[in-house]
Amino acid sequence: QKTEAVVNMIEFAKKAIDVTRNMGLKCRIGIHQGPIIAGVIGRKKFAFDLWGDSVNLASRMESGGEEMRIQISRSAYELVYDRYEFEARLVFLKGKGETEAYLLKDNR
């Protein structure tokens, strides 16, 4: 089930990059797999939000990635390494230090 979730995120991200490219814009996408906390906050105006280290790590995967590329964390990579081709790299992530990351080789 976790594997299919990561596959679905990668496939969605590939489509998002295509749409972004067609609009003449640029983006970076980061994916991580792990536990999160979700909830609704507010008393008058409600908002749904996600918290936790997994959310922060996915954000760091994005910010430490490359334009028009999908970068995933080690835990996500371990679930899909046999379905896609990746290039391994070490990235320095704020609050984490040097971390293994994987760039999807072909976004198509």
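First, a word on what this report is: a plain description of the structure on this page.

Basis of the calculations
- Residues numbered from 1 in each chain as written.
- Predicted model: local features only at pLDDT ≥ 70, side-chain atom pairs only at ≥ 80, totals over all residues.
- Heavy atoms only, no water.
- Core = buried A, V, L, I, M, F, W, Y, C linked by side-chain atoms within 4.5 Å.
- Buried < 20%, exposed > 50% of the residue type's maximum accessible area, 1.4 Å probe, protein only.
- Helix = DSSP H or I, 4+ residues; strand = E, 2+ residues; numbered from the N terminus.
- Contact = heavy atoms within 4.5 Å.
- Pairing = 2+ DSSP bridges.
- Salt bridge = Lys/Arg side-chain N within 4 Å of Asp/Glu carboxyl O.

## Concerning the nonpolar core
Then, number 1: Membership of the largest hydrophobic core comes to 17 residues, with the highest contact counts inside it found for I10, I31, I70, I72, V80 and F86.
Then, number 2: Ranked by residues supplied to this core, first place goes to helix 1 (residues 2-22) with 5 residues.
Then, number 3: Residue contacts for I31: discarding those within four places in its chain leaves M9, I10, A13, M61, I70, Q71, I72, S73 and A76.
Then, number 4: Counting residues in hydrophobic clusters, the runner-up holds 5 residues, among them L57, M61, V91 and L93.

## Remarks on the pairing of strand 2 (residues 37-41)
Then, number 1: Bridge count for strand 2 against strand 3 (residues 47-51) is 5 bridges, and the pairing is antiparallel. Its bridge partner being in strand 3, A38 is matched across the sheet by L50.
Then, number 2: What sits between the antiparallel neighbours strand 2 and strand 3 is a turn of 5 residues, in which G42 has the positive phi angle 110°.

## Considerations on the pattern of salt bridges
Then, number 1: Counting across every chain of the model gives 12 salt bridges.
Then, number 2: Note that R89 is salt-bridged to E66, the shortest N-O span being 3.9 Å. Of the two residues, R89 is situated in strand 5 (residues 86-93) and E66 in the loop between helix 2 (53-63) and strand 4 (70-73); the sequence distance between them amounts to 23 residues.
Then, number 3: Overall, R89 belongs to the partly exposed group, its relative accessible area being 25%.
Then, number 4: The closest approach of N and O atoms between R69 and E87, which form a salt bridge, is 3.2 Å. Of this pair, R69 sits in the loop between helix 2 and strand 4 while E87 sits in strand 5, and the two are 18 residues apart along the sequence.

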